[in-house]
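# Analysis of the macromolecular model
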Amino acid sequence: MKNIAVLTSGGDAPGMNAAIRAVVRTSINKGLNVYGIQKGYNGLIRGDMIEMDMSSVADIIQRGGTILRTARSEEFKTEEGRQKAYNMAKIFNIDGIVVIGGDGSFMGAKKLTELGIACVGVPGTIDNDLAYTDYTIGFDTAVNNVLDAINKIRDTSTSHERVSIIEVMGRNSGDIALYTGLAGGAECIIVPEVKYCLEDICKKLIMGRNSGKLHSIIILAEGAGDAKELEEQIRAKVDMDVRASILGYIQRGGNTSAFDRVLASRLGAKAVELLVEGKGGRVVGMRDNKIVDMDIHEALSMEKKFDYELYELANILSNRDRI
Ligand code: ADP
Ligand code: F6P
């Protein structure tokens, strides 16, 4: 390998910049030329790329978002689009690409590898929805962003003695809700992986109020329902002041946490090492604090397991009464 490239794809995630920095600096240290592709697979199709040097990635390790920009490319999902992307990689003599993104981006990376451009996937998504790695880059920062918001909402919720429903992102995964619900001391956590019972939630809210609680927090994963609808449903059943907040994109921005910076640095460096060894069609991740790599097809076919033990713990700890 002489020339490699890096791109970010799908939803941006804090820590993508730290990963880009690691890819660029590891590549240059290993004597490779490294290109930054702008706007995901769209940029590859159009040849929207520039050669990077050490200073191209200065002062970005802390910043959320992605300096390379990102995109969801419909064209790349077609065979013609991928052929154009392949042709463009050949024009620039690119032998390998580090793809930073989620499972959709990995699917694209797998197909591009099959066409003949070695790709390695680095997991960058706040959703933590990839089964083969304990954590994805951006998840920890998003969790901390949500915790900040919970603290603020709790202040006003206490003053008015309200029930606050806080809807968080995560697509089909309940991990952001689970971790923020546990760490934020929420009374209820609603996730797509666990069926919930409205009556049980209402009972818990009433019992909490009767025991002297000044507020209650319900964390709702976006994949499990709609905050406004839940607000109406609870209001119809209990005589309490219920308000919903949908946090939205605030979760995805801001300074990157230390955990995500370290994870992104380790994973970015490992991805380049694999390409140097001529190993395309792989993904990198972390298991039990060890950096691992795996066949991309195998990684994509693994089923993400929800942490029911953690969910149960959150449930036990949020009860004042013995269960
Ligand atoms: P994420 O990578 O965060 O899961 P998306 O699912 O939006 O985000 O995927 C990002 C991009 O990856 C898509 O816009 C598309 O260009 C590419 N992609 C997704 N699925 C496929 C697929 N099945 N085949 C080829 N490319 C894909
Ligand atoms: O995949 C990351 C994510 O933030 C999801 O949690 C959310 O459902 C989705 O992206 C939002 O996508 P968009 O940026 O296209 O609105």
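Preceding this paragraph is the structure being described.
For every chain, the first residue of the written sequence is number 1, and numbering continues from 1 onward in sequence order. Lettering of chains starts at A and numbering of ligands starts at 1, both following the order in which they are written. Predicted model: local features are reported for residues with pLDDT of at least 70 only, side-chain atom pairs are reported and counted for 80 or more only, and whole-chain, interface and lining totals are derived from all residues. Calculated side-chain values reflect all of the structure's heavy atoms, with hydrogen atoms and water omitted.

## Things to note about the site of ligand 2
Note the threshold: If a single non-hydrogen atom of a residue is within 4 Å of a molecule or strand, that residue counts as near it. Throughout this description, a polar contact denotes any pair of N or O atoms lying within 3.5 Å of each other; where both atoms belong to protein, one of them has to be capable of donating a hydrogen while the other can accept it, and for residues adjacent in sequence the pair is counted only when both atoms sit in side chains. All accessibility values rest on the Shrake-Rupley procedure with a 1.4 Å probe; residue burial counts only the protein chains present in the view. Only protein atoms enter the 1 Å grid used here, on which a cavity is any set of points holding a 1.4 Å probe that cannot leave and a pocket is any open set flanked by protein within 12 Å on both sides along at least five of seven lines; residues with an atom within 4 Å of a point are listed as lining. If over half the atoms of a molecule are within 2 Å of the grid points of a cavity or pocket, the molecule is regarded as sitting in it. Residues were grouped as follows: Ala, Val, Leu, Ile, Met, Phe, Trp, Tyr, Cys and Pro as nonpolar; Asp, Glu, Lys and Arg as charged; and all remaining residues, including Gly, as polar. Annotation comment: domain bounds sourced from an automatic or database domain assignment.
As a structural note, the neighbourhood of ligand 2 is formed by Arg72, Thr125, Ile126, Asp127, Met169, Gly170, Arg171, Glu222, Tyr249 and Arg252. Contact distances for ligand 2 include 3.0 Å between an oxygen atom and a side-chain N or O atom of arginine 72. In this structure, glycine 170 approaches ligand 2 through a main-chain N or O atom, which is 3.1 Å from an oxygen atom. In isolation ligand 2 has 400 Å² of accessible area, and contact with the protein removes 76% of it. If you map ligand 2 onto the pockets, it falls in the largest pocket. By residue class, the composition of the shell around ligand 2 is three nonpolar, two polar and five charged. Split by domain, the shell around ligand 2 shows at least three residues from each of two domains, domain 1 (3-138 + 256-301) and domain 2 (141-252).

## With respect to the sheet that holds strand 11 (residues 290-295)
Definition in use: Should DSSP find at least two bridges between two strands, the strands are taken to pair. The helix count covers DSSP runs of H or I at least four residues long, the strand count covers runs of E at least two residues long, and both are numbered beginning at the N terminus. Angles run from 0 to 180 degrees between N-to-C directions of axes, and those axes are lines fitted to C-alpha atoms, restricted for helices to the stretch in contact.
Taking strand neighbours across the sheet as the criterion, the seven strands line up as 3-2-1-4-5-10-11 in an open arrangement whose pairing is mixed. Because the sheet does not close on itself, it has two edges, and the strands there are strand 3 (49-51) and strand 11. Averaged over neighbouring strand pairs, the angle between their axes works out to 25° when direction is ignored.

## Examining the layout of surface pockets
Stated precisely, the cut-off is as follows: Grid points are joined across faces, edges and corners, and a volume is the space filled by probe spheres set on the points.
Taken as a whole, the largest pocket holds about 730 Å³ of empty space. Taken together, 33 residues form the lining of the largest pocket, with Arg72, Asp103, Gly104, Ser105 and Arg171 sitting closest to its centre. Among the elements that make up the lining of the largest pocket, the one with the highest residue count is helix 4 (residues 103-115) (six residues). A breakdown of the residues in the lining of the largest pocket according to their chemical character gives six nonpolar, 13 polar and 14 charged. Each of domain 1 (3-138 + 256-301) and domain 2 (141-252) accounts for three or more of the residues forming the lining of the largest pocket.

## Description of the site of ligand 1
Lining the immediate environment of ligand 1, one finds 16 residues, of which Arg72, Ser73, Gly102, Gly104 and Ser105 sit closest. One of the backbone N or O atoms of glycine 102 is found 2.9 Å from an oxygen atom in ligand 1. One of the side-chain N or O atoms of aspartate 103 is found 3.0 Å from an oxygen atom in ligand 1. When ligand 1 sits alone it has 550 Å² of accessible area, and the protein chains cover 85% of it. One can see that ligand 1 is located within the largest pocket. A per-element tally of the shell around ligand 1 places helix 4 first, with six residues. Across the shell around ligand 1, the residue classes tally to three nonpolar, eight polar and five charged.

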